[in-house]
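Overview (structure and organization)
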Amino acid sequence: MRIRATVAALTGALALTALAVPAAQAAADSGTPYTLDASFSHLSIAKAVKVGSTNEVSVSYSYTLTHGSTVNIAAKDFVTDAFLYHGSYTDTAPELYGDNPATCTATSSTTATCKGSIGIYPSDGDLKNAWAGGWSAAIEAVAFNGQSQTSPDMSKVGFKDQSGLATTLVQRYSKLTTAASATSVTKGRSVTVTGRLTRADWEKHTYNTFGGQSVKLQFRKAGTSTYTTVKTVTTDSSGNLRATAAVSASGYWRYSYAGASTTPGVSATGVYVAAK
């Protein structure tokens with residue numbers, strides 16, 4: 001069965017192997033936690049999380065916890081948090097947690113607003129490249145009710161989890177460069193603009209080239225603030241870009257990638273080319 005991260009954090013080496021059970025199996029078995037009188041709603045989390053090759057990324061969340069009058073959320077051995085899972089909500093689904101449980105502030109005798117964060121550590125092997133894209137969010141709560149942390153009577157421990165409460169994208173961070181063949185060009189002549197698109201490799205902890213992607217070549221006239229798309233170019237197998245365009249005015253050239261579910265959009269820094 002699923003082993004909850006908040007429980008592991010609270011109990012140290014204690015392995016609780018029966019925490020994700022259907023309500024019908026609740027208190028009938030003395031070794032099984034009962035279904036905690038709690039529910040979760042209004043989970044708020046970022047729409048996308050951009051994760052590089054090595055650096056930790058933290059994403060905040062908040063939600064509403066509703067509980068029965070007998071549930072003491074102020075108890076030291078009551079813990080709750082939100083977490084992300086990839087694919088179906090099963091015991092083997094990849095999951096991402098925070099380093100600490102959520103902090104809950106009571107808003108009434110039976111409701112509370114809970115806030116926390118989920119830490120993602122690509123350098124520690126938290127992610128595989130194939131997991132980039134859509135993730136779902138779930139919430140859990142555990143009440144130990146004063147039970148010993150080393151040998152609890154599990155029938156007196158309450159547990160509740162709820163999946164499918166929100167979605168987010170966990171994306172492989174992208175980088176894009178731009179370079180021009182000349183710093184000044186006679187009006188009417190062409191300039192060659194090159195670039196390269198790469199994205200984070202979570203397994204090798206580096207950046208890999210990203211081929212076969214449509215990228216826009218854009219131009220911004222000096223003295224203005226808006227880029228205009230000149231043409232669309234496709235990256236080769238090495239992620240390289242190359243295009244030529246006529247120069248009609250002095251200004252800045254750049255490549256811009258719109259992104260995909262697995263990879264965030266990115267725009268390169270503009271390169272100035274003067275028109276003579």
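Residues numbered from 1 in each chain as written. Predicted model: local features only at pLDDT ≥ 70, side-chain atom pairs only at ≥ 80, totals over all residues. Heavy atoms only, no water.

1. A closer look at the sheet that holds strand β7 (residues 103–106)
Quick note on the threshold: Between any two strands, pairing holds if DSSP finds at least two bridges. Strands are runs of DSSP state E lasting at least two residues, helices are runs of H or I lasting at least four, and both sets are numbered from the N terminus onward. Between N-to-C directions, angles cover 0 to 180 degrees, with each direction set by a line fitted to C-alpha atoms, over the stretch in contact for helices.
Within the open sheet, the 4 strands sit side by side as β2-β4-β8-β7. Their pairing is antiparallel. Every other strand in the sheet has two partners, leaving β2 (38–45) and β7 as the edge strands with one partner each. With direction set aside, neighbouring strand axes in the sheet form an average angle of 25°. When β2 meets strand β4 (residues 57–67), the two strands line up antiparallel, connected through 6 bridges. Counterpart to S41 in the pairing with β4 is T64.

2. A few points about the pairing of strand β14 (residues 206–209)
Bridge count for strand β13 (residues 190–201) against β14 is 4 bridges, and the pairing is antiparallel. Residue pairing across strands places D201 opposite T206, the latter belonging to β14. Remark: 4 residues form the turn of the hairpin made by β13 and β14, two consecutive strands paired antiparallel; H205 in that turn has positive phi of roughly 60°.

3. Considerations on the environment of T167
How we decide: Residue burial is assigned from relative accessible area. The probe radius is 1.4 Å, only protein chains are included, and a residue is buried under 20% of its type maximum, exposed over 50%, and partly exposed in between. In this analysis, two residues are considered to be in contact whenever any of their non-hydrogen atoms come within 4.5 Å of each other.
Tracing the sequence through the fold places T167 in strand β10 (residues 158–172). Residue T167 is classed as exposed on the basis of its relative accessible area of 59%. Spatially, the C-alpha atoms of T167 and L84 are 8.5 Å apart, while their sequence positions differ by 83 residues. The contacts of T167, once residues within four sequence positions are left out, are I45, A46, W135 and S136.

4. Topic: the side chain of T192
Structurally, T192 is set in strand β13. Relative accessible area serves as the criterion here: at 18%, T192 is assigned to the buried category. Contacts of T192, omitting those with residues within four sequence positions, involve A179, A180, S181, R242, A243 and T244.

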